[in-house]
Structures are given as structure tokens and as C-alpha cells.
Amino acid sequence: MKKIIHFHPNSIYSEYFVKPLIKFEEKMGNKVTLVNSMKTKIIDNKTESIFRKYIRYDLTIKNLLLVPSSFFQILLLLLNTKPTYIISHNIRSSIIPLLAGRVYGKTKLIYFNHGVSYLGYEGPVRYLLLIIEYINCSLANHIITVSKHAKHELLKLTNTPISLISNGSACGIDLKLFSKENIRLSDEMKLLKNKNCFLVTFIGRPERRKGFMFIIELWEKYFINEENMKLILCGTDVDINKYLKNPAKNIVNMRNTKNIPEILSISNCLLLPSLHEGLPYSIIEAMAMECPIIANNIPSISSQIENNKSGYLIDGHNHNTYFNKINFIRNKKNTKKIKNLTDNGLNAVKKFNRKNFLVDYDKKIKSILNGH
């Protein structure tokens with residue numbers, strides 16, 4: 001039996017990107033601990049199915065004074081647990097666990113990079129994130145990342161071995177969960193769905209680099225008064241009215257929802273105007289749910305979408321181009337073209353099947369432990 005510790009700062013996102021790995025590791029007979037840096041209401045302690053601890057080690061401003069304490073808490077955890085290996089996820093939150101692992105010295109240190117985030121910033125923030133990324137790579141014994149583009153960028157920073165599991169991603173995708181055939185709409189989704197209403201969906205944190213403000217500006221510029229259109233926002237756990245010039249009746253804020261499969265199943269298109277991504281799960285989830293995608297033409301996205309074949313890529317982060325492409329999808333004359341697009345996407349997403357990913361994940365971990 002192996003003892004494994006995963007570090008992921010966010011208890012919400014670890015549900016999607018780390019928990020599938022943990023459940024697989026537990027199924028293989030291992031003892032696994034997940035350490036989060038923040039608690040959230042989305043986690044129900046009564047139904048919790050994995051062992052979870054909380055230590056505030058994420059490098060945020062409010063946690064900076066706690067860094068020494070967090071370091072010693074993690075070091076004590078390693079001393080008590082004696083893990084076979086630890087996996088630290090995400091850039092900003094990996095320095096403390098990896099450094100503690102170095103001090104402990106009796107475990108393999110794996111840095112799971114979910115995207116080279118400094119590429120999405122400019123100025124001092126970009127250089128700070130670049131330095132943190134370099135430190136993470138230097139502390140780790142092995143790096144796993146999510147896409148060929150991310151691997152290409154990390155190879156510029158380090159000589160530490162870097163792996164891409166299967167075709168990339170953090171944990172693959174559950175093609176039974178993300179399947180139109182298996183969807184049973186809740187009453188909430190039935191109310192949202194309307195045959196005469198065109199539903200545009202955005203999935204992402206309310207950050208500039210994720211395209212959140214671009215979406216708000218696009219909607220206010222072109223669609224704010226369209227009664228037969230709705231913008232569905234997911235992952236945006238904020239008061240939307242603070243970002244709007246005037247209140248909007250046709251914007252639905254789903255916040256941090258677990259109903260992504262249902263939402264995508266009724267959506268007419270997904271927008272992804274990100275300035276930077278690692279491997280955006282919203283793309284593969286939308287493909288699996290046969291939802292057409294309009295996205296920025298940046299390396300991490302263009303490696304997943306073939307323009308005009310499995311989705312639409314937009315150059316220049318341009319509002320007008322997005323507006324025209326949305327209207328192209330709305331036009332019923334283009335129904336056959338859109339169906340061909342989503343069929344191609346449905347076929348392309350099969351390479352991210354979670355079952356295959358987890359098999360390759362197991363092989364990769366064994367290889368790392370054997371020093372390969």
C-alpha cells in the first residue's frame with residue numbers, strides 16, 4: 001500500500017481535477033490524503049468520500065503571515081504520514097509543499113502543472129509568476145503537465161523531467177457523465193431551456209485573463225436588449241451587477257454550479273475568449289455535450305480545436321468577430337454545418353476518455369517511482 005498526499009489550494013476545483021485521481025488511487029488500495037488551502041460550502045462533510053485536511057499554504061496576500069506556520073504543519077504531516085510520493089497541483093500553491101518535501105527528503109516530489117499561467121500576464125506579475133514557476137520546477141523530482149503547449153513552455157525553464165499523460169488534461173473526462181444521451185434535466189434546467197431562446201454559455205473564473213470582462217462587454221454591446229437570448233455564467237461566484245453599466249434581465253449567473261453537463265446540454269454555444277489556458281476543460285466538456293465552441297485562437301486552445309471543423313477560432317480577441325460568429329450559429333440556414341461541427345467535436349473528445357487517462361496515469365506514476 002502506498003501513502004499519497006495531494007496538495008491543491010482550492011476545494012472547489014480539486015473536486016473536478018484531483019478527486020478523480022484520488023478515487024482511482026484509493027481503488028488501487030492506496031491511502032490518500034488531499035490537503036486544501038481553503039474551505040468552501042460546496043464540500044458536504046456528511047457525504048465526503050475522501051480524507052481531506054486544511055492548511056493555509058496558498059501564497060495569497062492574506063496567507064503570507066501564515067507561511068512559516070503552514071510550512072511546519074506540512075512538514076509535520078509528512079513526518080507523520082511518511083508518504084511514498086506527494087503531488088502538488090497549481091503554480092502559486094506548490095512552493096510550500098514542495099519545499100517541505102525537500103526538507104523531509106524521503107518521498108518523491110511530483111509537481112502537477114495545470115497551465116503555465118505567467119503567459120497570461122504582463123509586467124511585474126508575469127515575472128513574479130515566472131520566478132515561482134522556475135522554483136516549483138527546480139524543487140520537483142518530476143513534472144506532469146496538461147498539454148503539449150504547456151510542456152513546450154516548461155522545457156524552456158527546467159531540466160527536470162516533464163511528462164504529458166495520455167493526450168493531456170488533468171484527469172481526462174467522464175464520457176458517461178458528459179453525454180447528451182444520459183442527461184436528465186432538473187426542473188431548474190427545464191425552466192432555463194426555451195425553444196425560442198438562444199443560450200450562450202461562459203464557464204470560467206471572473207478574471208480578465210479568462211475573458212470574463214470581454215464577455216460582459218460583448219453582451220452589453222450587442223445582446224443586452226435581446227429578449228430571445230440569454231447569457232449563462234458558470235464559475236462566476238460574484239455579484240454580476242457590479243460589472244454591468246445597467247442591470248440585465250438576460251444574464252443568468254449560475255455561480256459555482258455542479259450542473260455543467262446539464263447547462264452545456266441545453267446551450268446553443270460556448271464562448272471561451274481566454275488570454276491564456278493550460279488545457280481548458282470547458283472545451284472538452286462542450287465537445288462531449290455537442291455544444292458548438294467559439295474561442296480565442298491561442299496555442300493551448302488551438303491545439304484542441306480545429307478551426308471550422310470542431311469549433312471556431314477567433315483571431316485578435318475581437319468583439320465584432322464573436323458577434324458575427326454567434327449570429328452565424330443562430331442562423332437556422334447553418335444548422336447542418338453546426339451539426340457537422342459538433343459531430344467532429346464529439347469524435348475528437350474521445351481521446352480524453354477518463355478510463356484511458358487513469359490507466360496511463362498509473363503507468364506514469366509507477367515509472368516515476370522507479371526513477372524513469
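Below, the structure is looked at part by part. All figures in this text were calculated on a predicted structure; none of them were measured in a lab. (Residues numbered from 1 in each chain as written. Predicted model: local features only at pLDDT ≥ 70, side-chain atom pairs only at ≥ 80, totals over all residues. Heavy atoms only, no water.)

## Here's the deal with a positive patch on the surface
Side chains of Lys3, Lys31, Lys82 and Lys106 sit close together on the surface and give a patch of like positive charge. Locating Lys31 in the fold gives a position in strand β2 (residues 31-36). Relative accessible area serves as the criterion here: at 52%, Lys31 is assigned to the exposed category. (Patch = residues over 30% accessible without salt bridge, like charges linked within 9 Å, V, L, I, M, F, W, Y side chains within 5 Å. Areas by Shrake-Rupley, 256 points an atom, 1.4 Å probe, with all protein chains shown as cover. Salt bridge = Lys/Arg side-chain N within 4 Å of Asp/Glu carboxyl O. Lys, Arg positive; Asp, Glu negative; His and termini not counted. Charge placed at Lys NZ, Arg CZ, Asp CG, Glu CD. Helix = DSSP H or I, 4+ residues; strand = E, 2+ residues; numbered from the N terminus. Buried < 20%, exposed > 50% of the residue type's maximum accessible area, 1.4 Å probe, protein only.)

## Section: the nonpolar core
Counting residues in each nonpolar core, the largest one holds 57 residues, and the members touching the most others are Leu264, Ile293, Ile301, Ile305 and Tyr361. Apart from residues lying up to four places away in sequence, Ile293 is in contact with Leu270, Ile283, Ala286, Met287, Ile305, Gly311 and Tyr312. Counting 31 residues, the second largest nonpolar core, distinct from the first, contains Leu77, Ile86, Ala100 and Cys137. (Core = buried A, V, L, I, M, F, W, Y, C linked by side-chain atoms within 4.5 Å. Contact = heavy atoms within 4.5 Å.)

## Examining the side chain of Glu277
Here Glu277 shows up in the loop between β11 (269-272) and α10 (281-288). By relative accessible area, which is 8% here, Glu277 ends up buried. There is a polar contact of 3.1 Å between the side chain of Glu277 and the side chain of Lys210. Side chain to side chain, Glu277 and Ser274 meet in a polar contact 2.6 Å long. Apart from the residues lying within four places of it in its own chain, the contact partners of Glu277 are Lys210, Leu272, Ile298, Ser300 and Ile301. (Polar contact = N/O pair within 3.5 Å; in protein donor to acceptor, adjacent residues only side chain to side chain.)

## Some words on empty space enclosed by the protein
Inspection of every chain in the model, using the stated rule, returns 1 cavity of 30 Å³ or more. The computed volume of the largest cavity comes to approximately 50 Å³. Among the elements of the structure, α10 and α13 (335-348) are those that each provide at least two residues to the lining of the largest cavity. The element best represented in the lining of the largest cavity is α13, accounting for 4 residues. (1 Å grid on protein atoms, 1.4 Å probe; cavity = no way out; pocket = protein on both sides within 12 Å on 5 of 7 lines; lining within 4 Å. Points joined across faces, edges and corners; volume = space filled by probe spheres on them.)

## Observations concerning the sheet that holds strand β3 (residues 51-54)
Read from one edge of the open sheet, 7 strands run β3-β2-β1-β4-β5-β6-β7, paired in parallel fashion. For this open sheet the edge positions go to β3 and β7 (162-164), each flanked by a neighbour on one side alone. Strand-to-strand twist in this sheet, taken as the mean axis angle between neighbours without regard to direction, amounts to 25°. Looking at chain direction, strand β5 (residues 108-113) and strand β6 (residues 142-145) are connected through 4 bridges and run parallel. When the bridges of β6 are listed, Phe112 appears paired with Ile144. Taken strand by strand, helix α3 (residues 67-81) contacts β1 (3-7), β2, β3 and β4 (85-89), and its axis lies near 160° from that of β1. Taken strand by strand, helix α4 (residues 95-104) contacts β1, β4 and β5, and its axis lies near 165° from that of β5. (Pairing = 2+ DSSP bridges. Axes fitted to C-alpha atoms, helices over the stretch in contact; angles between N-to-C directions.)

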